[in-house]
Amino acid sequence: STLAAAYGYRLQKYHHLQSQQDYLILSESPENNGNRRFWGTYVFRLGPAEPIIVQIPRPLYELNTFEFGTTFVEETQASVLMIAGGHPYTNPDGTSDILHPSNPQSLFNLVHQVWLREAKTSALNAIQIRAFGNAEVLSKSEADVILSSFYQLENDPWTDRLEAQLAKMGLETEKVQGEQSTRGY
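A short tour of the structure in this document, coming up. Everything quoted here is computed from the prediction, not taken from an experiment. (Residues numbered from 1 in each chain as written. Predicted model: local features only at pLDDT ≥ 70, side-chain atom pairs only at ≥ 80, totals over all residues. Heavy atoms only, no water.)

Points about the overall build of the protein chain
And step 1. Across its full length, the protein chain holds 5 helices and 8 strands.
And step 2. In the protein chain, the succession of α and β elements from N to C terminus is α-β-β-β-β-α-β-α-β-α-β-α-β.
And step 3. With 185 residues in all, the protein chain has 37% of them scored as buried.
And step 4. For the protein chain, restricting intrachain contacts to residue pairs at least 6 apart in sequence, the fraction spanning at least 24 positions comes to 63%. (Helix = DSSP H or I, 4+ residues; strand = E, 2+ residues; numbered from the N terminus. Buried < 20%, exposed > 50% of the residue type's maximum accessible area, 1.4 Å probe, protein only. Contact = heavy atoms within 4.5 Å.)

Examining the sheet that holds strand β2 (residues 21–28)
And step 1. One open sheet accounts for 6 strands, arranged β1-β2-β3-β5-β4-β6; its pairing is mixed. Edge positions in the sheet fall to β1 (9–16) and β6 (125–128), since each of these pairs with one other strand and no more. Averaged over all neighbouring strand pairs, the angle between strand axes comes to 20 degrees, with direction disregarded.
And step 2. Packing of helix α2 (residues 65–76) onto the sheet brings it into contact with β2, β3 (41–46), β4 (50–56), β5 (78–83) and β6, and relative to β4 it is tilted by some 175 degrees. (Pairing = 2+ DSSP bridges. Axes fitted to C-alpha atoms, helices over the stretch in contact; angles between N-to-C directions.)

In structure tokens form, the structure reads like this:
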């Protein structure tokens with residue numbers, strides 16, 4: 001794509017032989033010769049997919065989020081995978097932290113917003129894969145995965161489905177609802 005190339009990106013169609021799935025991948029071009037922008041990589045499933053966006057906002061900073069996130073995409077048949085491109089503390093002024101509220105203008109946020117806009121009124125769930133927390137506090141929990149939501153989890157129709165998928169992957173879950181075991185997650 002000429003538009004992608006103008007920004008140092010390339011658009012590729014990829015066919016995974018084992019799964020027979022087709023993808024469209026937007027990624028930085030290796031021909032940038034040291035002029036990388038680190039805006040991330042975006043993978044769109046072509047064909048049937050679940051209405052799920054999986055985001056990995058800090059793959060270089062939060063351990064194992066890349067590995068778990070890519071596995072989760074395949075296990076859920078998610079329609080989109082978004083992988084941030086830089087370490088959140090690369091730039092001293094904080095502009096490389098795509099999660100910081102002062103940085104709304106990023107390709108990561110733009111892809112997220114466009115995908116939501118194009119879904120119109122269709123159900124769509126965005127799931128961020130994160131790895132953080134106070135190890136001393138979280139050691140009180142038996143969970144492998146802590147679930148939290150902008151909306152209350154009991155009001156979120158995706159909660160049961162998400163818990164079932166994680167259980168299928170052999171993972172124990174716990175909801176953040178104010179208990180001591182999830183304080184400080």
